[in-house]
Every structure is written in structure tokens, then in C-alpha cells.
Amino acid sequence: MPQLSWPEVRDRALAFASRWAGEASEAAGKQTFWNEFFAVFGRDRRTVAAFEVAVRNLGGDRNFIDLLWRGMLLVEHKSFGKSLALAETQAFGYIADLARDGRSDEIPRYVIVSDFARFVLYDLEPDESQPQTELAGLRFATTSFPLAELHLNIRSLAFLKGEQPIRLDPEDPANEKAYRLMCQLHDELELAGFHGTDLERLLVRLLFCLFADDTGVFEPATFETYIRAQTREDGTDVGPRLNQLFDVLNKPAERWRPAERELFAGFRYINGDLFREPLDFPPFGRGTRAALLAACEFQWARVSPAVFGSLFQGILDAQQRRRQGAHYTSERDILKVVRSLFMDELRAEFEAVRGDRSTRRRARLEDFHARLRGLQFLDPACGCGNFLVVGYRELRQLELELLKERHADAQQMLDVAALIRVDVDQFHGIEIDEWPARIAEVALWLMDHQMNQRVSEAFGKSFERLPLQSSPHIVQANALRMDWRNVLRPGDEVRVLGNPPFIGKQYRTAEQQADMAAIWGEVPGAGVLDYVTCWYRKGAEYIAGTAARVAFVSTNSITQGEQVGVLWQELFERFGIKIHFGHRTFPWTSEARGKAHVHVVVVGFAASDSPNKRLYDYEAGEEQVVVRTVRNISPYLIEGPDLALAKRSTPLGDVPPISFGSMPNDGGHLLLTSEEKAELVAREPEAAPFVHPFVGAEEFINGQERWCLWLVEAGAAQLRQLPLVRERIRAVQKHRQASARATTRELATLAHLFGEIRQPTTNYLLIPGVSSETRRYIPIGFLRPNVIASNLVNVVPGASLYHFGVLTSRMHMAWVRQVCGRLESRFRYSSQIVYNNFPWPVEISAAKEARVVEGAERVLEVRRACGDGRHGYLPVKKKDAAASLADLYDPLTMPGPLVKAHAALDRAVERCYQSAPFASDRERVEHLFALYERLAAPLLPARTSSSRRRAPRTDPE
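Let me sum up the structure you'll find in this document. For clarity, every value in this text was computed on a predicted model and none was experimentally measured. (Residues numbered from 1 in each chain as written. Predicted model: local features only at pLDDT ≥ 70, side-chain atom pairs only at ≥ 80, totals over all residues. Heavy atoms only, no water.)

**What to know about the overall build of the chain**
Along the backbone of the chain there are 32 helices and 28 strands. Going through the 957 residues of the chain one by one, you find that 56% of them count as buried. For the chain, long-range pairs separated by at least 24 residues make up 73% of all intrachain contacts whose partners lie at least 6 apart in sequence. Carbon and sulfur atoms make up 50% of the accessible area of the chain, which amounts to about 39,700 Å² in all. (Helix = DSSP H or I, 4+ residues; strand = E, 2+ residues; numbered from the N terminus. Buried < 20%, exposed > 50% of the residue type's maximum accessible area, 1.4 Å probe, protein only. Contact = heavy atoms within 4.5 Å. Areas by Shrake-Rupley, 256 points an atom, 1.4 Å probe, with all protein chains shown as cover.)

Quick look at the structure:
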């Protein structure tokens, strides 16, 4: 069966549940039920699973498993009303029988028990974050749901579709409370007179003390007790007291004076230069002291150091945050990078070593431990170090599991300090500002302390690294103006990761513009690139010639539109980059106030190839991701070649050319509302022939009226008789003369004309330049030449019904969704990327073309019947009877006849590409890219259809 999309699976699940509602008899319907159940996921049951598979029980008798997919799934089915607990017992008994019978390779990962109306799914290899149960010596996670909710649980059954679910860690609500407390403390300190660097350094130190108070760095509650007992309630002496404490924390205990030993009992020497410089404290007040004590009362042990950067984002105001592109990624999203870039691979390697029962097992464990120590990590836009901290935690956790495996029989005799090899000095960062760099260092030290506590608990011996000996390597610098090799030499075991700044063109500073020029200056077309692409190019240059790997979180714009051709062609051709994995578009979440609303991707790449390329797919609002192994990943994050669409000045196929409409460049003086048009014509009737409908994307889609003065054919004598029109022309002239652009000033001599004129002289097809991504189809349509198209739309003069049919089909829409640029999330349809690169059908028969034309005619007929009287195929009827295209293509209320007409047109268009129907948009896009690759190949000129050589059928008058 063909691969299905998740929406298609959901639709099949709904139909399946409706069809089987009320079924009760196991004997009558069981096998048909499960055959159809597999078909919901596009799977032919006969190719993977068998009914009534025999297995010998403990007594030697044969039992029969209702359904077995060897190594993957076991099903035990009961009649409605029978005990599912009994089914569970039987199912797990069969697993024991398989093991006992020497058939361990047939033991499934999943078990399903059902009575038609209910399902219980058991995952025998659950993620560590899932609640687990044990039965018959097996640990598993369960998911239960009724038949009616099958469509809501299809992602849990992704294995039936050939994909595996990866469950992401939930967020801890304690982080939000800690964040609010830090913001309140910051605000009080600022009110007290703390600003700039001193404020930043103080907050870093206080955060360390708060955390140390609750995690064993200090004796419990020592810092809180010190503030309560040693400072006045009015807060006036808090500053001096803190400076005293900071001085003590900065020197070895043997240098403490006797009075300090007594006063600061419970504290300890920290090292690391965190407390080296005294701070110039302004007078504190009650509010500041109260805010500090409120923070002391919070249980900081509940907060991961991985979110410290998020706790500090509130320090930056919105303008400063935008300037830096400072957006702190949630731990859930950081884990997408960390797991995909290195942890999944390391865990798989560890499991293979752990399962080795040969004499080489001990040596392999030692080699694996040495590899963990040899890994090096660099975040070249590290901010407060969130990515480094999460990566360090995951690496230390894996090391702990490794140590338990190596020393399971001698834990009480170990010198634990000699065993721990992974350390913070393996982690490197580059950060442009001082205080986030210091936060990154502190967060790594505190995470190190937390992981040392876990080691102590595991081996029953106290282990810590205080005073601090090793340090992370966090460099304060502009990562785009320095050689990353000066921070970390690239090598095969280097992993580069992070979340480089998201900064739009309109928000870039002069320095950031200079960064862009320094990185991309010599590359043609680089003006379209986002700031984040600088890190991609620097990363590609950094890893060249090594097996090092890179993974960045980025706005999804780098995998859409014209940026793809410029960015990825450079990375492919100059640096030999291959994409190893990609997390397709998902909504990015921040843990900080004022969360950014951004859609992002994660792209992992290297200067070497990999046989294990993965694509991760998301669905909005869901907490799961499904991973698919593919042969190759294109820069559009689909399975496909290393192919990036470049701008084309002419279409790839033998089809009419496309262009923008006409640009007024008039300051609005040649454009009129309906009221202004009526007034002008009433006062100067002779102007009426020069007033034309004017249509941009907004007017076309929403059926709005707008008008313009189109004076291309107006003679000088005529214009002299139109003083109101001449007044508007003079206003245009003044507007153009005042422009800073020389080309606009030159246009002042032709002030009666549009600045750019591209109006067709025949009927033409109009495609909006920007339209909503929520519609199934971009609304397009034919217009007459008297309707002036603005520069906000694309026009295709001479387009036929065949061209309309292909361009308004699902096939073309799949292409649009994949390759077009975006304005926010809306489609930005471009001529040079979307239309001119689109692979039109080749070598189609006249009969196939005729069916497309018939389908196109039917769509337009239905649109007219539904009221599309102004912007459909033939402008007819009065305006109050007309529905707008926005009404007709509303995704919630699209009229049924129009849905049916488009579906028929979709089938006709798809048959021009292949005889078998496409199962999903992914298949459509992959087919189109394969066709594009063939048509655009230098040695294979595009072939044209025999039917294209005939004069195209155009729309009638």
C-alpha cells in the first residue's frame, strides 16, 4: 500500500471506528477487524503479520496467538464485554512462551489487547520519561483508549506506518515560578539603583547562592539564614553584608579569619573567579531584601540549571532582546538537537556494547568511556548556555549508566573521583555579551554539582568537585568576527550546536549588517538571507575536512523560498555539506516572558555523508515527533537530492511567462476609493474612460473595490481638460521628486503614468503575491485587460484553461507549500522560485489535457454559480450578489460543490504526472523534485508535451 499522510490516517481511523462501532463477536469479525485496522495505517496485514500463530506453553501444549507480527506486535482479541485483564495475562504469557521456546527474535516490542470497543497498547521499550509498570518480568508503558478515540491516538501507533514515535519530556511548572521570582528580584534591584554590568554580575552571584543553598554546595539554608539573621529588616546593610560574603567565597578556607570562620560557617570556597570583584552597592530597602528572601524560600533544587538562561531573559527589555536576537529555547526543544546530534547515536552504541556477552565486553566499555571523554562541544551563539548545560547533563547521565555497568559488583570499593571522566572543560561557547557568558559558566558548574550528587547516590560515596578545578571555555566575542578554531580545534569528535539569533532585516543594527557583509559579501543574491545563515556558513567552514557535525535551531525560512538556493547551494558546492537530519517545521517555544511566536526547524549537517539520515515530522499541538529514515535529505527537509532551486528568469516548461503587475509608485495619488472615483467622475465626466478597476491581492481575494487613473492612452490635450486629474498628477510629481532614490526622481517627468507598467493587453491569469496558508488552494482567476493588476499580484498573460487547472490543483499547491517563501506564515508566491521552477507535466496526451480543461471549466462554473461574480472567469452580476474568493475558499466553509469540482480537477492533473494516485503531499513533492531534477539537468533539456506544441486553448470572451 502507498505511504499515507497523517491526515489521511486520521480520516481512515474515523471511518474505521464508525464502521466497527457496536461489533461484539470475536469469532465473527476478528480477522476482518484487524485487516482493516492495519489498512488504516496504509499497511497490508498479510505482508507483515499472521493470524493464529502457534506457540508451545510450559506444559508442552500448543496455544495460538491471535495475531503476531514477529519482532513488532502481538495482538490478543476478545469479544465485547470480556475481560481485557485476561487478554493481557494471555498476551504476556505468549511472550514468555516465545522466549522459552527459543524464539526470542519473535518477541514483539508492542502488545495490543482489544474487545472491538477498547484498545490497550503496551510498549515494552518505553522512553525513560514515561510511567512504567512491570508484569511477568517485563517493564512497559501503557496507552488506553476507546475505539471512538482511535483517531486521537494514531501517533501512538506510528510503528504500524513504519515510523517510530519519540516522546518529548514535559515542562516542569517549577521553572515558571523560579523565573517570576528572578524577574521580581531584578526589578527590585533596578529600583534600588543597580544598573548595567553591576546588576548583571550581582544576579549571577545571587542565583549561584540560591541554588547552592538547596543543593548541598552550602549547608542547607545557610544563605537564607545569613540574610535573615545578619541584615537589618530595612535592608540598608544588605549590600555590605553581601560583599563580605562574596569575599569569603572567593578565598580558600585556610585564609579565613577566625571571625569569618564563625560567621560564615556552612559556606565554602568556590573558586572560578565568580566572586572575585567587589560590587559597588547602592542603598537597599525593605522591598529589595523582601524580594531576595522570597527567592530564598523557593526550592531551587527543583529547577534545572538548563533553564537559567530563560530565568534571565526578563532582564533584557524587548528592544534589546530583538537587537541581539536573544530567544532562549525550551529544554524540550534543546533535547531535539542534543538527541539527534549525538545522544541517540551514543545511546545506541552503549546499548550494543552493554549487550555484548563476549570476552571483549570490558574492553569495549572502556573504549566507549574514553570516547565520551574525547567528545568536544561548541555553541557559537551560546547565550546563557542552555544547549551546553543540557548536553552536559545528558552526557553525564550516560556516563553514570556506563559506570554502573562496568562496576556493578564493586560499587562500595571504588574511588569514584578517579572514575568520572566527563567534565565541563569539554564544553565551549562563544557569546557576545559578558553576563550571559558568566551565566553559562555558572550553569555548567551547577549542573556538574547536580550530576556529582547523582553519582554519590548511585555509589554510596560522597563525590564533588569543589573548589572548582575545571572550567568550561566560554569566550566573550562576536562569533562572526573570529576564528572558531581559536576556541576549539575542529576534529571528528566535535559537535557544534545551538540557537543562533533570529533577527529580521528591519531590526538589524549597523554592526549586524556589517557581519552579513563579512560572511556573505562575495556570494551573489546573499541580500535575501537571514542573519542566522551566517552561523551556517561559518559552521560549514569550521568543520570542512573533518567528520565533525553541526545542528542549529533556525527559523524555517532557511528551508523555504529564495533563501534555499543561495544558502544551501553555497554549502553544498563550496564545503561539500550533507544534511544528516532535519526536524521539519514546528512551533518554537521559549520559557521566558513575552514568548516569541516563531516557526522553526532543526537542521543537522556535516562535511561527510551518513547512511542514517532521519526526518522528524510534527503536527501542531502534539507532544510527539515521528522519525523516518530516508536515503537523502534535500534542503527543503524532504527526502530528495541535494538540490536547491535557484531563481529562474523563464519557466522550466513551455508555458506562458509570468510577471508582477504594475507598480504605481505614486504616493497614492493615482489610486481611488469607490467614493473618490464617484466624486471625480461626477465632477469631471471626461475622466471616466481613464478610471479602471485596480486589483491587488487584498482586493482580488476579498472582493474589494479599488480604482486607479490609467492614463497610458491619454493625450496631452485630453489631460489639459481635466484639472482634477492634473492636480493628482502634480501630487505624484512632488512625491517622486522628494524621493531619496534617483530612479524614482527620474520618474517625475512621467508623473501621469505608473512607475512600472506591465499590464497585459489580453485576458490574463492573476495569482496573488501573498495569501493565507490555511486555504487548500490559492484563489486564482482570469481577468480582462481593463482590470489593472498591481505589483502585489502575479500575472500570466495568455494563460489557458489548462494552465489554470494545473496551477489551482493540489499538485501545484504541494509544490507551493514546500518551496515558496513566507510572509509571517502566509504564502509568498514568487515568479522566479515557485512558478518558473515548477515542473509541468511532460508528454501528456490530448485526452489527459482535455480532462484538465474540463475540470478547470467545472471549477469556474461552480465558482460563478456560488456567486463569484467579479473575479471569476467571466465578470458578471452586480456586486451585492457576489461572494468573494475568500468566502468560497474559506477552509471551514468551502462550498461542497466547489470541493467536489476541485477534487475532480486534482485527479485529472495528477494523472498527467502518473497513473497511480498520490498518497500524500510528501509523495507529490518528491515526485515533482525528481521531475525537476530531470528537466533542469544541463545535459537533458526540458522536453515539451506534444499537446503543448499546439496552440493553447485560451479563455473565451
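Moving on from the coordinates now.
**Some words on empty space enclosed by the protein**
Across all of its chains, the model carries seven cavities of 30 Å³ or more by this definition. Space inside the second largest cavity adds up to approximately 70 Å³. Contributing to the lining of the second largest cavity are F208, V217, W445, L446, D448, H449, N452, R465, L466 and L468. Sort the elements by how many residues they give to the lining of the second largest cavity and helix α16 (residues 434-459) lands first, with five residues. (1 Å grid on protein atoms, 1.4 Å probe; cavity = no way out; pocket = protein on both sides within 12 Å on 5 of 7 lines; lining within 4 Å. Points joined across faces, edges and corners; volume = space filled by probe spheres on them.)

**Details of the nonpolar core**
By size, the foremost hydrophobic cluster in this structure holds 121 residues, and its most contacted members are Y536 and W568. If you tally residues by element for this core, the top one is helix α19 (residues 562-575), at seven residues. Sequence-distant contacts of W568, defined by excluding residues within four places in its chain, comprise Y536, I558, Q563, I577, I579, V603, P635 and A644. Grouped together as the second largest cluster of nonpolar side chains are 104 residues, L185, V238, F284 and L466 included. (Core = buried A, V, L, I, M, F, W, Y, C linked by side-chain atoms within 4.5 Å.)

**Remarks on the packing of aromatic side chains**
Under the defined criterion, the tally for this structure stands at 52 aromatic pairs. Its guanidinium or amino end placed over the ring of F586, K336 lies 3.5 Å from that ring's centre, counting from NZ or CZ. Just above the ring of W520 sits the side chain of R537; from NZ or CZ to the centre is 5.4 Å. (Phe/Tyr/Trp six-rings, centres within 6.5 Å; stacked < 30°, edge-to-face > 60°. Lys NZ or Arg CZ within 6 Å of the ring centre and 35° of its normal.)

**Brief notes about the pairing of strand β9 (residues 376-379)**
Alternating positions in β9 separate into two faces, Q376 and L378 on one and F377 and D379 on the other, with burial throughout. Looking at chain direction, β9 and strand β12 (residues 494-498) are connected through three bridges and run parallel. Looking at the pairing, F377 lines up with R495 of β12. Two strands pair when backbone bridges link them, and β9 and strand β10 (residues 427-431) are joined in this way by three bridges, in the parallel orientation. Pairing of L378 across the sheet is with H428, part of β10. (Pairing = 2+ DSSP bridges.)

**As for a positive patch on the surface**
A cluster of basic residues, R720, R726, R730 and K734, forms a positive patch at the surface. A total of three residues in the positive patch trace back to one element, the largest contributor, which is helix α23 (residues 723-737). By secondary structure assignment, the location of K734 is in helix α23. (Patch = residues over 30% accessible without salt bridge, like charges linked within 9 Å, V, L, I, M, F, W, Y side chains within 5 Å. Salt bridge = Lys/Arg side-chain N within 4 Å of Asp/Glu carboxyl O. Lys, Arg positive; Asp, Glu negative; His and termini not counted. Charge placed at Lys NZ, Arg CZ, Asp CG, Glu CD.)

**Concerning the pairing of strand β11 (residues 473-476)**
Across four bridges, β10 lies against β11 in parallel orientation. Of the residues in β11, the one forming a bridge with E431 is Q476. Chirality of the crossover, the property in question, places the unit of β10, α16 and β11 among those that are right-handed. (Right-handed = clockwise from strand over helix to strand, strands pointing away.)

**Details of the side chain of T288**
Mapped onto the elements of the fold, T288 is located in helix α9 (residues 286-297). A relative accessible area of 4% means that T288 is categorised as buried. Sequence-distant contacts of T288, defined by excluding residues within four places in its chain, comprise L185, E188, L189 and A192.

**Some details on the packing of helix α13 (residues 361-374) against helix α14 (residues 386-406)**
When two helices pack together, you describe them by how their axes are tilted relative to each other and by the distance separating the axes. Relative to each other, α13 and α14 sit at 160°, their axes nearing to 11 Å. Between α13 and α14, the interaxial angle falls into the category roughly antiparallel. Crossing of α13 against α14: the hand is left-handed. Of α14, the residues touching α13 (which contributes R361, R362, L365, E366, F368, H369 and L372) are L395, L398, E399, L402, L403, E405 and R406. Here the contact of α13 with α14 is built from residues that sort into seven nonpolar, one polar and six charged. (Axes fitted to C-alpha atoms, helices over the stretch in contact; angles between N-to-C directions. Parallel < 35°, antiparallel > 145°, perpendicular 65-115°, else oblique. Left-handed = near helix turned anticlockwise from the far one by under 90°. Nonpolar A, V, L, I, M, F, W, Y, C, P; charged D, E, K, R; others polar.)

**With respect to the packing of helix α12 (residues 331-354) against α14**
Across the interface, α12 lies against α14 with an axial gap of 9 Å and an inter-helix angle of 20°. In terms of orientation, α12 lies roughly parallel with respect to α14. The two elements α12 and α14 cross, and the hand of that crossing is right-handed. In this structure, α12 uses E331, I334, L335, V337, V338, F342, M343, L346, R347, F350 and R354 to contact α14, whose residues at the interface are N386, F387, V390, G391, R393, E394, L395, Q397, L398, E401, L402 and E405. Classifying every residue of the contact of α12 with α14 by side-chain character gives 13 nonpolar, three polar and seven charged.

**Points about unusual backbone geometry**
Within the chain, L637 stands out as a residue other than glycine whose phi angle is a positive 60°. Looking at where L637 falls in the secondary structure, it is placed in the loop between β17 (624-630) and β18 (659-660). Even without being glycine, N665 reaches a positive phi, approximately 45°. On the secondary structure map, N665 appears in the loop between β18 and β19 (671-672).

**Some points on the sheet that holds β19**
Pairing in this open sheet of four strands is mixed, and the strands run β19-β21-β20-β25 from one edge to the other. Only two strands of the sheet have a single neighbouring strand rather than two, namely β19 and β25 (788-789). Of the pairings in the sheet, the one linking strand β20 (residues 691-695) to β25 comprises two bridges and is parallel in character. By the bridge assignment for β25, V695 is matched with A789.

**Some points on the environment of T808**
Mapped onto the secondary structure, T808 falls in the loop between α25 (801-807) and α26 (810-819). Relative accessible area serves as the criterion here: at 1%, T808 is assigned to the buried category. For the pair T808 and P779, spaced 29 residues apart in sequence, the C-alpha separation works out to 7.6 Å. Not counting residues up to four positions away in its chain, the partners in contact with T808 are Y777, I778, I780, H902 and L905.

**Comments concerning the sheet that holds strand β24 (residues 781-783)**
Pairing is antiparallel across the open sheet formed by four strands, whose spatial order is β18-β26-β22-β24. At either margin of the open sheet sits one strand with a lone partner, and together these are β18 and β24.

**A word on the pattern of salt bridges**
Under the criterion given, the structure shown has 59 salt bridges. Residues R371 and E493 are paired through a salt bridge, measuring 3.1 Å at the closest nitrogen-oxygen approach. With a gap of 122 residues between them, R371 in helix α13 and E493 in the loop between β11 and β12 connect regions that are remote in the sequence. On the basis of relative accessible area, R371 is assigned to the buried category, the value being 16%. The exposure class assigned to E493 is partly exposed, which follows from its relative accessible area of 28%. Overlapping salt bridges bring together E345, E349, R371, E493, R495 and R549 as one network.

Just distances and angles here, no functional claims.
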